[in-house]
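These are the residues of each chain, in order.
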Amino acid sequence: MILPPMVWGGGIVRRGMAGAARRPAVLTVTLFMGGIFAHRLLPGWPAGYAVLVAALAIGAIIWRRRAWTTTGLLALAILLTGVAIAQLEAYYYPPNHISAFAADEPHLAQLELKIIQEPRILTNPFESFHALAPRQVTQARAVRVKTWNGWEPASGDMLVQIDQPHPRLAIDQTIRVLGMIQRPSPAMNPGQFDWANYYREQRILVSLHIAHANNIQILSSPAPGFGTRLRESVREQLAMGFNEARSLDHALLRALLLGDNDPQLRDVQEQFMRTGTSHHLAISGMHIAVLGGVIYFLCRILKRPPRFSTYVAMIFVALYGYVALPSPPVIRSVLLCLIFAFGMLSRRSLDAIQLLSVSVLAMLIYHPIDLYNAGFELSFGTVLGLMFLTKPLMAKFQREDPDAKALQGLVRPTFWQRIRKSIVASISAGFVAWIVSMPLIALHFEQLNPWAIPASIILAPIVFASLVGGFLKVLLTILLPGFASTWATLAMLPVAGMRHTVDFLAKFPGSDVPLSSPSIRVILLYYAFLLAWVFYRPSGRRLRWCDRCAPVMCAVVFVVVLQGGFTRASSKSGGDVHITLLAVGAGQCAVIEPERGPVTLIDAGSATLSDLQRKCLGPYLRHEQRRDIGSIVLSHSDYDHISGVSEILGAYGANEVITSPYFAKFAAVDPPAASLLETCDRLDVPRRAVKQGEELEVSGVSVEVLWPPPNCAMNSNNSGLVLKLHASDKTILFPADIQEPAEKELLKDPEKLRADVLIAPHHGSSEECTAAFLAAVHPSAIISSNDRTLTMKQRRFDELAKGYALYRTNECGAVTIAISKQGQLKVTTFVKK
């Protein structure tokens, strides 16, 4: 978003308008991106002022060149075109778009659709207990929708999820379905990925949920086209020879080679992200170069002329881009390769930045909002940085005088000199890629990977060998299918090596450091400094060493600034203790955050959100720059309160796990709870049971245990912990999932229940004594953790709580209670209504 316009603009300033005239694509893409950028910065009428300022700046440049007519009008037209296309892409939808029939709440709809994406079956292989049933997902394009006036034409793409997979569903089919449509849910917790915004950038505003396969009627099944058959054939050839025991290596090879995602790769992808090497899994120029090189080499072995070999390699590269999943790195790499090859064949001089500008312009004309996509920014920004900064970096570290360098050019370098030059070039490129991508990674993913440079260099030859093995596996299986198992074994060796290497690198201390998301101002200053460093030419020896160390110092200052808090405004304001009830659907997870030190969790589970640690709690802790968990308090053994604890213990550890005395009793007949206790024992996490009358200190907060009593014969819900938190002079009551029997016992001493904030019992469900219970607590605010759809008992609870401020996480998202040392209490919600 920020780096490409700055660097391209810096290139224009550096070379002057004469240099820009020799590079028209550079100037064009800079102006076009400026228009898109202005659209996002100032949506609506203020964007006109941004366009006017940019037009005046262009006018000043044109005035200096004395080109008063054509050049100025063309530049202004390009700028305004960028604004207009971005506006249309972001905000314009036809009147019959399917989003006009959807709302935030799901409702029944009958639709005719055309499937535009190959249906996939998703499973959850990491859940041993309470595993989610396999479901089918795809994307479809609306054709017609049934209304009160009959069938009417409709348009627009949508997400489709089918709980009971349909065995005959295929791409390009036209189907009639009955299901629930609604708008995709936005992020409900700080740090959580915003799927609604992600799909909106793809112009997908509706999701469709189909409960049963018999709600789908296939109207037409055309024969699969050439592209579909080609994609399926390549994937079949790659899969031949891999048995069940090799499924993980096959999934990793398929992701590396074709960009396919697989649930099996969850942990492997996490390790690549932790080490800052996830770019190796994205299809890039390296993939294209390896494929083109392999095909060219095979053609030359067959004694084909170089020109013919180049054409064959280009055909295979184009087919590869068609077969692989489309993404900015794939399209950019294929376009650059094809343009470069055509330039070589036509014997014309090639300008790498000019070629990159052409490919950027082509992609932004097709989809301008990609300028704000993390993958697009990292892909093009890093490549642009490598082109623009690598040579200056290497030049600043070379001491050779021009005469000696010219003399060396006449002598063929030795083998070791070539090796040394390759190593220096690799380290320089890795360093440039790291310093260029670091602010973008912090902006989008809130993380820093200090070991990314050595990890990338270590993995590069293994990834190269894996790519060669993958391409040869497909080619040799086509030629000799009887030896598919042998080819699979050979292709698996470097892939297994890559998997074990990244696992080893991920265990290095400090491989993944959480960072606050930087502000736009900080990123602009960072890249401005890098551009100034490129243009600066020091004279003295000390200044030269300062100049060489400048990029490192820039990166260090950037990290210090982020860690020091000079970032975007935090979602919390004021208060020394924060208690946040996360939005986890049908479950509960509360985080107690002191001003300093480890956090404490009260429950961590959900019956509707799979992988709570990875999708919700982990991103939240990263967003808050929290790394340590002190205590995990588990109110009772029900799955919706403990489902994520085992993964949390594996990822973060904990000083102790606190339960009620009856947790182990109910765990004996509850496999998920029993598995959790086994995990605690295996990881040597101490367990402690507390009961009525005890007090404990967690994360600077005093906790009073009100329930259960020493001899409690009630069920799991009513034997759970009821806790009263004391911070300054404020109190918060956590009654877990207690119901009428436990509530009646606690009402015998109503004074102990008095609290400033009540976490609604049993996810805000009513009992016969709920009115009396609310009167005894008499809170200033009630917070409830619950799923999107309320039950009748929850709706009844809302009626009884009308006199109180009620916050439900399905509407408010995460709810945070801030308590200052002076005793001031403030409740804030993540979703602003």
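Refer to the structure above for everything that follows.
Residues numbered from 1 in each chain as written. Predicted model: local features only at pLDDT ≥ 70, side-chain atom pairs only at ≥ 80, totals over all residues. Heavy atoms only, no water.

S.K.: So what's going on with the overall build of the chain? Residues and values would help.
M.R.: Scanning the chain from N- to C-terminus turns up 28 helices and 25 strands. Residues classed as buried in the chain amount to 51% of the 833 residues present. For the chain, long-range pairs separated by at least 24 residues make up 72% of all intrachain contacts whose partners lie at least 6 apart in sequence. Taken as a whole, the chain presents about 39700 Å² of accessible surface, with 61% of it coming from carbon and sulfur. (Helix = DSSP H or I, 4+ residues; strand = E, 2+ residues; numbered from the N terminus. Buried < 20%, exposed > 50% of the residue type's maximum accessible area, 1.4 Å probe, protein only. Contact = heavy atoms within 4.5 Å. Areas by Shrake-Rupley, 256 points an atom, 1.4 Å probe, with all protein chains shown as cover.)

S.K.: Account for the sheet that holds strand S21 (residues 757–759), naming residues and giving values.
M.R.: Strand order in the open sheet formed by seven strands is S17-S18-S19-S20-S21-S22-S23, with mixed pairing between adjacent strands. Taken across any chain shown, the strands that pair with only one partner, and hence form the sheet edges, are strand S17 (695–698) and strand S23 (805–808). Taking each pair of neighbouring strands and ignoring which way they run, the sheet shows an average axis angle of 20°. Two elements, strand S20 (residues 730–734) and S21, share two bridges in a ladder whose sense is parallel. If you follow Leu-733 over to S21, its bridge partner there is Leu-758. Sheet strands in contact with helix H26 (residues 770–777) are S20, S21 and strand S22 (781–784), and its direction is about 145° off that of S21. Lying over the sheet, helix H27 (residues 792–800) contacts S22 and S23, oriented at roughly 155° with respect to S23. (Pairing = 2+ DSSP bridges. Axes fitted to C-alpha atoms, helices over the stretch in contact; angles between N-to-C directions.)

S.K.: With reference to specific residues and values, describe the environment of His-280.
M.R.: With respect to the element layout, His-280 can be found in the loop between helix H8 (266–274) and helix H9 (285–301). You can call His-280 buried: its relative accessible area is 8%. Each C-alpha atom of the pair His-280 and Ser-456 lies 8.0 Å from the other, and the pair is 176 residues apart in sequence. Dropping the residues within four chain positions of it, His-280 is found in contact with Leu-256, Phe-272, His-287, Ser-456, Leu-459, Ala-460 and Val-463.

S.K.: Outline the side chain of Asp-603, supporting the account with residue identities and numerical values.
M.R.: Examined against the element boundaries, Asp-603 turns out to sit in strand S13 (residues 599–606). For Asp-603, which is buried and forms no salt bridge, the nearest opposite charge comes from Arg-687, at a distance of 15 Å. Of note is the side chain of Asp-603, whose polar atom sits 3.3 Å from the side chain of Gln-588. Of the polar contacts made by the side chain of Asp-603, one reaches the side chain of His-641; its length is 2.8 Å. (Lys, Arg positive; Asp, Glu negative; His and termini not counted. Salt bridge = Lys/Arg side-chain N within 4 Å of Asp/Glu carboxyl O. Polar contact = N/O pair within 3.5 Å; in protein donor to acceptor, adjacent residues only side chain to side chain.)

S.K.: Describe unusual backbone geometry, and please don't skip the residues or the numbers.
M.R.: With an omega of 15°, the peptide bond running from Trp-707 to Pro-708 counts as cis. Along the polypeptide, Pro-708 turns up in the loop between strand S18 (701–707) and strand S19 (722–727). Positive phi, close to 65°, is recorded for Lys-303, a residue that is not glycine. Here Lys-303 is to be found in the loop between H9 and helix H10 (306–323). Of note, Ser-699 is a non-glycine position whose phi angle comes to about 50°, a positive value. With respect to the helices, strands and loops of the structure, Ser-699 is situated in the loop between S17 and S18. Residue class for Ser-699 comes out buried when judged on its relative accessible area of 16%.

S.K.: Any details on H26? Residues and values, ideally.
M.R.: All of the buried residues along H26 are Thr-770, Phe-773, Leu-774, Ala-776 and Val-777. The arc that holds every buried residue of H26, seen down its axis, measures 160°, which confines them to one face. Turning to H26, the residues buried within the fold contact S20, helix H25 (740–746), S21, S22 and H27. (Arc of directions from axis to C-beta.)

S.K.: Outline the pairing of strand S6 (residues 174–182), listing residues and values.
M.R.: As defined by bridge partners, strand S1 (residues 107–115) adjoins S6 across eight bridges and the pair is classed as antiparallel. Bridge pairing in S6 links Leu-111 to Val-177. Inspection of the sheet shows S6 paired to strand S8 (residues 216–220) by four bridges, in the antiparallel sense. Bridged to Val-177 within S8 is Ile-216. Here S6 pairs with strand S7 (residues 204–210) via three bridges, running antiparallel.

S.K.: Please provide a residue-by-residue account of the packing of helix H6 (residues 226–239) against H10, values included.
M.R.: Look at H6 against H10: their axes get within 9 Å of each other, and the N-to-C directions meet at 90°. As the angle between them shows, H6 and H10 are arranged roughly perpendicular. Taken together, the residues of H10 that come into contact with H6 (itself represented by Gly-227, Leu-230, Arg-231, Val-234 and Arg-235) are Leu-319, Tyr-322 and Val-323. In terms of residue class, the contact of H6 with H10 is built from five nonpolar, one polar and two charged. (Parallel < 35°, antiparallel > 145°, perpendicular 65-115°, else oblique. Nonpolar A, V, L, I, M, F, W, Y, C, P; charged D, E, K, R; others polar.)

S.K.: Lay out the pairing of S17 in plain terms, naming residues and giving numbers.
M.R.: Consecutive residues of a regular strand have side chains that alternate between opposite faces of the sheet. Along S17, the buried face is formed by Leu-696 and Val-698; none of Glu-695 and Glu-697, which line the opposite face, is buried. Pairing between S17 and S18: four bridges, direction antiparallel. By the bridge assignment, Glu-695 is partnered in S18 with Glu-704. Between S17 and S18, which pair antiparallel one after the other, the connecting turn spans two residues, and Ser-699 there sits at a positive phi close to 50°.

S.K.: Lay out the side chain of His-166 in plain terms, naming residues and giving numbers.
M.R.: With respect to the secondary-structure elements, His-166 resides in the loop between strand S5 (157–162) and S6. We classify His-166 as buried; its relative accessible area is 9%. A distance of 3.1 Å separates the side chain of His-166 from the backbone nitrogen of Arg-168, its partner in a polar contact. Excluding residues within four positions of it along the chain, His-166 makes contact with Gln-136, Ala-213, Ile-216 and Ile-218.

S.K.: Can you tell me about the packing of aromatic side chains, naming the residues and giving the values?
M.R.: Applying the stated criterion across every chain yields a total of nine aromatic pairs. Note on Phe-193 and Trp-195: the rings are 4.6 Å apart at their centroids and 70° apart in plane angle, and the pair reads as edge-to-face. An aromatic cluster of at least three residues, connected via ring pairs, comprises Phe-193, Trp-195, Tyr-198 and Tyr-199. Arg-203 extends its terminal NZ or CZ atom over the ring of Tyr-93, reaching a point 4.2 Å from the ring centre. (Phe/Tyr/Trp six-rings, centres within 6.5 Å; stacked < 30°, edge-to-face > 60°. Lys NZ or Arg CZ within 6 Å of the ring centre and 35° of its normal.)

S.K.: Any chance you could break down the sheet that holds strand S12 (residues 587–593) for me, citing the residues and the numbers?
M.R.: Pairing is mixed across the open sheet formed by eight strands, whose spatial order is S16-S15-S14-S13-S12-S11-S24-S25. Two strands bound the open sheet, and with one partner strand each, they are strand S16 (687–689) and strand S25 (825–829). Taken pair by pair, the neighbouring strands of this sheet meet at an average axis angle of 20°, ignoring direction. Looking at chain direction, S13 and strand S14 (residues 629–633) are connected through three bridges and run parallel. Paired with Val-599 across the two strands is Ile-629, which belongs to S14.

S.K.: Give me the lowdown on the environment of Ala-776, citing residues and values where you can.
M.R.: Here Ala-776 is to be found in helix H26. When the C-alpha atoms of Ala-776 and Lys-752 are compared, they prove to be 8.7 Å apart, with 24 residues separating the residues in sequence. In contact with Ala-776, other than residues within four places in its own chain, are Leu-747, Pro-750, Leu-753 and Arg-754.

S.K.: Before we move on, could you go through the pattern of salt bridges and cite the residues and values that matter?
M.R.: Tallying each qualifying case throughout the model produces 18 salt bridges. Among the ionic pairs, Arg-626 bridges to Glu-593, the shortest N-O distance being 3.5 Å. Within this pair, whereas Arg-626 is found in the loop between helix H20 (612–623) and S14, its partner Glu-593 is found in strand S12, the two being separated by 33 residues in sequence. Residue classification places Glu-593 among the buried residues on the basis of a relative accessible area of 3%. Here Glu-656 ties to Arg-688 by a salt bridge, and the two come within 3.1 Å at their closest N and O atoms. Placement of Glu-656 in strand S15 (residues 656–659) and of Arg-688 in strand S16 is noted, with a sequence separation of 32 residues between them. Look at Glu-656 and you get buried, because its relative accessible area is 18%. For Arg-688, a relative accessible area of 31% corresponds to the partly exposed category.

Such coordinate-based values are descriptive only and should not be taken to indicate function.
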